[in-house]
Amino acid sequence: MAHEQQGRRANPSAATGALVGGLVTAAAVALQVLGASAFGLPFPPFDAFDWLARILPGNMITAGIDALVGVITGLNLGETSATAKALEQTLAVVLFLGLGMAAGALLFALQRRYSSIWPGLVAGTVAGALMVALYLSVNQTAIASPVVSVLWLLAVAVGWGGAIGYVHARLWQLSPIVAEPPMISAAPAGATHAEYRPGPPVESSLINRRQFLLRVGGTAAVITVVGAGLGTLLKDDQVGPQPGQVSTEGGEQPALPANLPNAGDPLRPAPGTRPEYTPLDQHYRIDINLIPPDVSAEGWVLPVDGLVAQPLRLTLDDLRTRYPLREQYVTLSCISNPVGGDLIGTTLWAGASLQDILAEARPLPEAAYLRITAADGFDETVALDLIRGDARIMLCYAWDNQPLTVEHGFPLRIYIPDRYGMKQPKWITGIQVVADYEEGYWVRRGWDEIARMQTTAVVDTVAAQALIEEGGRVLVPVGGIAHAGARGISRVEVQVDNGPWQEARLRTPLSETTWVIWRYDWPFQEGQHTFAVRAYDGDGVMQELEPHGPRPSGATGVHSRSATLEQPAAGG
Ligand SMILES: Nc1nc2c(c(=O)[nH]1)N[C@H]1C(S)=C(S)[C@@H](COP(=O)(O)O)O[C@H]1N2
Ligand SMILES: [Mo]
């Protein structure tokens, strides 16, 4: 800036514009954080991100998810789904700041030859209109009234654009003139603006610009820190603790609930095996929303209509009282779960069998499928034949003996045995009986149409710190899970250092639709050893040994874990 020719205004550059855009956007986002957490107002960076996730091509999204899961598991960043959501949320804000910087640069570049606050105000209005459109199309988390939300979005956006425009105008005024900061009120009495003609830039005026920019930066920083800080405080108050990050590595594990159906099985999991029944706050969460849709129970009714003799409108109470209660211990897995990953969990599901509900609605002869829609725009199709053959397919309103949490689909989600999570909508808002098949949300994006769960086995632990003595031998407990959807597990085998495959012991599962805990106590040998595991499903079919990534049909391959075993201290 200091090298501009004499006699020309040292116009604020596009780079300065990017800087100003970034600062003002940070302050605006902080205000939005505050508005969202204190008043339930919409948060445009998340809306923009959710919108992008819905319109970008499926393979791009998949590559993104793969990269994210890869980074999280590779760097050991903790529980995958919570970490992924945090990273996505960060990315959403960073993208938004990037857009703000671009807008600032563009505005400054377009205004090289004049100074006015108007282009900023226009840009702010356009940005506000875009944010209102996003809010109306994808947001399901704002609980403030729509009118207030729209006014808020417009106000912040116009304020944002106006602030950028104002800063540009001030920088323009400050660039060429006098040694003192040319506050209008400091102009000599009677002076007109004509007297503030462009002159050769002088060093002191450049310093003034810097001072002014510093002041802008300081103000933006204060707003950002106070807004975001207050927002976070208020939010933590409301939301409570994040899902815990409990390591499954060799450490403590929560006592098994005593009332579980397999409590009598003497085979205990090897120390360090993941909990057989997943504590609810540790159950993974995967969906297309940065913040889960908050469906209000009040006024919620489930329409079951389309090709039926008797259309139904069911309240939550109807679902609980009109149909027999079904309870099922279920292991749910995301199709994006890598072999050995933590996007899998087991809990007790409860609800009403779809057979019972359809018996009341009476599908017409030409009916063949259910179209299920959800509050977040997610959807899936279920064949009536599948439902007729399996009374376990149910609409679930409870998990772990309590109403579904907001994250896990309140008020209603479906359970379909043997299928990955992508086939099983949460936050259900409607069920339509139709004649023709239609692809569901993730199927349209290139994932497996059936999404039948793969047979997989995982080594959770090589319990080098929990050696046992049996018949004069020292043994290392090795263990983990094996899972094959609703097909069950008939056999698990362990291979140590490329030796022969040896049969592991199996604990009675919680049900025929949960994972099975396996255990293998290996005669201790010092040194580094690798433990591999493979499983056979209930029909005796061995798992796929070939490693495949999650897309499109779920990850396969042999999981293994290496450990260095040291001779236990004598007498210990
Ligand atoms: N409405 C809706 N339902 C959904 C999804 C979603 O994005 N929206 N994601 C699905 C996927 S991919 C999975 S793995 C499961 C995860 O359920 P959970 O978060 O309760 O573990 O929800 C399924 N149901
Ligand atoms: Mo999933």
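A brief structural summary. This is a predicted model, so every value here is computed, not measured.

Let us look at the site of ligand 1. Within the structure, ligand 1 sits among 20 residues, and Tyr-284, Asp-376, His-408, Arg-413 and Lys-426 are positioned closest to it. Residue Tyr-284 places a main-chain N or O atom 2.8 Å away from an oxygen atom belonging to ligand 1. Within the side chain of His-408, an N or O atom sits 2.7 Å from an oxygen atom of ligand 1. Protein contact buries 99% of the 530 Å² of open area that ligand 1 shows by itself. The residue makeup of the shell around ligand 1, split by class, is 11 nonpolar, four polar and five charged.

Here the focus is the packing of helix α5 (residues 118–138) against helix α6 (residues 146–174). Here α5 crosses α6 at 150°, and the two axes come no closer than 7 Å. On the basis of their axis angle, the class for α5 and α6 is roughly antiparallel. Between α5 and α6 lies a crossing of right-handed hand. Residues Gly-120, Leu-121, Ala-123, Gly-124, Thr-125, Ala-127, Gly-128, Ala-129, Met-131, Val-132 and Tyr-135 of α5 touch α6, and the partners they reach there are Pro-146, Ser-149, Val-150, Leu-153, Leu-154, Ala-157, Val-158, Trp-160, Gly-161, Gly-162 and Gly-165.

This paragraph deals with the sheet that holds strand β10 (residues 428–434). Judged by pairing direction, the sheet is mixed, and its five strands sit side by side in the order β2-β1-β10-β5-β6 without closing on themselves. Single-partner strands in this sheet number two, and they are β2 (312–314) and β6 (379–383). Direction aside, the axes of adjacent strands within the sheet are offset by 20° on average. Bridging between strand β5 (residues 369–374) and β10 involves six bridges; their strand directions are antiparallel. Bridging across to β10, Leu-370 finds its partner in Val-433. This element, helix α9 (residues 354–361), spans β1 (302–306), β2 and β5 of the sheet and lies at about 135° to β2.

Applying the stated criterion to the full structure yields nine aromatic pairs. Measuring from ring centre to ring centre gives 5.2 Å for Trp-349 and Tyr-415, while their planes differ by 50°; the resulting arrangement is tilted. Note that Trp-349 is positioned in strand β4 (residues 344–353) and Tyr-415 in strand β9 (residues 413–415), a separation of 66 residues in sequence. For Trp-349, a relative accessible area of 0% gives the class buried. The aromatic ring of Tyr-397 is capped on one face by Arg-320, whose charged end is 6.0 Å from the ring centroid.

Thresholds, definitions, all that
- Residues numbered from 1 in each chain as written.
- Chains lettered and ligands numbered in written order.
- Predicted model: local features only at pLDDT ≥ 70, side-chain atom pairs only at ≥ 80, totals over all residues.
- Heavy atoms only, no water.
- Near = heavy atom within 4 Å.
- Polar contact = N/O pair within 3.5 Å; in protein donor to acceptor, adjacent residues only side chain to side chain.
- Areas by Shrake-Rupley, 256 points an atom, 1.4 Å probe, with all protein chains shown as cover.
- Nonpolar A, V, L, I, M, F, W, Y, C, P; charged D, E, K, R; others polar.
- Axes fitted to C-alpha atoms, helices over the stretch in contact; angles between N-to-C directions.
- Helix = DSSP H or I, 4+ residues; strand = E, 2+ residues; numbered from the N terminus.
- Parallel < 35°, antiparallel > 145°, perpendicular 65-115°, else oblique.
- Left-handed = near helix turned anticlockwise from the far one by under 90°.
- Contact = heavy atoms within 4.5 Å.
- Pairing = 2+ DSSP bridges.
- Phe/Tyr/Trp six-rings, centres within 6.5 Å; stacked < 30°, edge-to-face > 60°.
- Buried < 20%, exposed > 50% of the residue type's maximum accessible area, 1.4 Å probe, protein only.
- Lys NZ or Arg CZ within 6 Å of the ring centre and 35° of its normal.

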